[in-house]
Amino acid sequence: MNQAISISNLVKTYANGTEALKGIDLQVEAGDFFALLGANGAGKTTIIGILTGLVNKTGGQASVFGHDIDHEHNAAKRMIGVVPQEMNFNQFEKVEDIVLTEAGYFGIPRAEAASECEQLLKRLELWEKKSQPSRNLSGGMKRRLMIARALITRPRLLILDEPTAGVDVELRYSMWDYLRDLNRNGLTVLLTTHYLEEVEQMCRNAAMIKDGKIITNDSVRNLVGILEKETYVVHVDRVTDIGPLADINAQRVDDNTFTMELSKGTDIAALLNKVSQSTGMSIRDFRPQGNRMEKLFLELLK
Ligand SMILES: Nc1ncnc2c1ncn2[C@@H]1O[C@H](COP(=O)(O)OP(=O)(O)OP(=O)(O)O)[C@@H](O)[C@H]1O
Ligand SMILES: [Mg+2]
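Just so it is clear, the structure is predicted and the values come from calculations on it, not from any experiment.

(A) Quick peek at the domain arrangement of the protein chain. Here the protein chain is partitioned into domain 1 (3-225) and domain 2 (229-301). The C-alpha centroid of domain 2 is placed 38 Å from the C-alpha centroid of domain 1. Contact with domain 1, which involves 8 residues of that partner, is made by 5 residues of domain 2. Here the residues of the side of domain 1 that touches domain 2 are counted per class, giving 6 nonpolar, 2 polar and no charged.

(B) Expanded view of helix H4 (residues 110-123). The end-to-end C-alpha distance of H4, which contains 14 residues, comes to 19 Å, matching closely the 20 Å that a straight helix rising 1.5 Å per residue would cover. As for H4, its buried residues are in contact with helix H3 (95-105) and helix H5 (139-151).

(C) Molecular detail of the sheet that holds strand S13 (residues 257-263). On the basis of which strands lie adjacent, the open sheet formed by 4 strands has the order S12-S13-S11-S14 and antiparallel pairing. If you trace the sheet from one side to the other, it starts and ends with strand S12 (251-254) and strand S14 (283-288), each paired once. Neighbour to neighbour, the strand axes of the sheet diverge by 30° on average, direction disregarded. Pairing between S12 and S13: 3 bridges, direction antiparallel. When the bridges of S13 are listed, Asp254 appears paired with Thr257. The strands touched by helix H9 (residues 268-279) within the sheet are S13 and S14, with S14 carrying the most contacts at an inclination of about 140°.

(D) Quick peek at the nonpolar core. Judged by nonpolar contacts, the single largest core of 68 residues is most densely connected at Leu51, Val64, Ala148, Leu157, Ile159, Leu190 and Ala206. Top contributing element to this core by residue count: H5, with 6 residues. Judged by nonpolar contacts, the second largest core, of 8 residues, contains Val234, Ile242, Val275 and Met281.

(E) Seen up close, the sheet that holds strand S5 (residues 67-68). Taking strand neighbours across the sheet as the criterion, the 4 strands line up as S2-S1-S4-S5 in an open arrangement whose pairing is antiparallel. Only two strands of the sheet have a single neighbouring strand rather than two, namely strand S2 (19-29) and S5. Bridge analysis of strand S1 (residues 3-13) against S2 gives 8 bridges, and the strand direction is antiparallel. From the neighbouring strand, Ile5 faces S2, where its bridge partner is Val28. Its contacts with the sheet put helix H1 (residues 44-51) on S1, S2 and strand S4 (59-64), and the angle it makes with S1 is roughly 115°.

(F) Just H3, in detail. Along H3, the positions that sit buried rather than exposed are Val95, Glu96, Ile98, Val99, Glu102 and Ala103. The buried side chains of H3 occupy one side of the element, clustering within an arc of 165° when seen end-on. Elements that come into contact with the buried residues of H3 comprise H4 and H5. Backbone geometry just downstream of H3 places Gly107 in the positive-phi region, at approximately 70°.

Conventions used here
- Residues numbered from 1 in each chain as written.
- Chains lettered and ligands numbered in written order.
- Predicted model: local features only at pLDDT ≥ 70, side-chain atom pairs only at ≥ 80, totals over all residues.
- Domains from an automatic or database assignment.
- Contact = placed C-beta atoms within 7 Å.
- Nonpolar A, V, L, I, M, F, W, Y, C, P; charged D, E, K, R; others polar.
- Helix = DSSP H or I, 4+ residues; strand = E, 2+ residues; numbered from the N terminus.
- Expected span 1.5 Å × (residues − 1).
- Pairing = 2+ DSSP bridges.
- Axes fitted to C-alpha atoms, helices over the stretch in contact; angles between N-to-C directions.
- Core = buried A, V, L, I, M, F, W, Y, C linked by C-beta atoms within 7 Å.
- Buried ≥ 20, exposed ≤ 12 C-beta atoms within 10 Å, placed from the backbone.
- Arc of directions from axis to C-beta.

Laid out in structure tokens, this is it:
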């Protein structure tokens, strides 16, 4: 029973005829940190909905730590803590009560739950808000509250549907740290995200879904390895002759801007030094161009 999630030929057609899942096969090993990727509407939330019992599947099988979601519905559900894409708690209930109520549903005695709740809220930097109604929290705080609520039930599998959407950069990093920690301590994690950086930082394996089908399922290392080259936008005082930069495929954009293509692992600082020496341009600023997740999709679809 080494699979945290085992899905075979999963099909979902919504009542309005939308074929959201067209036969998904997916295995996630216990202890893995797994990313479910795909454009808007690919079917990610639908898969999560089926695993957590919110969406009825049309066909196929799914089990969680060996518990079939049809035949052992409750057992399967107990394995999972979920952080949904949409906020779904009572806006008037206090932060602490939201977590404790959830513990109550799972039969955890209040005294036990209270000390665990305190630890969770402290770790997620929400302790000072514990007596506030949840509607007083910011978007990022609400998302962290959903994580606390998911963890209070001591799940073996944590499912997060876009956990860092709307969370600022600093908090995002601390959230990554926290999730990595939980995973190191044995929690299996499945998340969906639109940030490739997040996948690289946390996940070991990833599947990419397109139009209800899995198009790739591989290690993150292999997936990101597909993006061999990266385009950078460079701002300079004035673009001069970029002829000497043919080996990095330099392309003039306007009087102050050009792009260059670098292989992974290039020492950018050293390269920019060489660029200014060989062309006399003085470099003001540079940054990667475009969305890398989108580039990865495009590469995979080739
Ligand atoms: N309740 C519903 N009724 C009808 N169609 C639905 C319903 N929920 C989702 N869909 C459709 O199913 C498809 C998959 O949606 P889903 O929410 O699973 O995508 P997603 O991969 O989570 O997208 P996103 O990245 O935008 O969250 C979409 O075409 C969507 O419009
Ligand atoms: Mg979704």
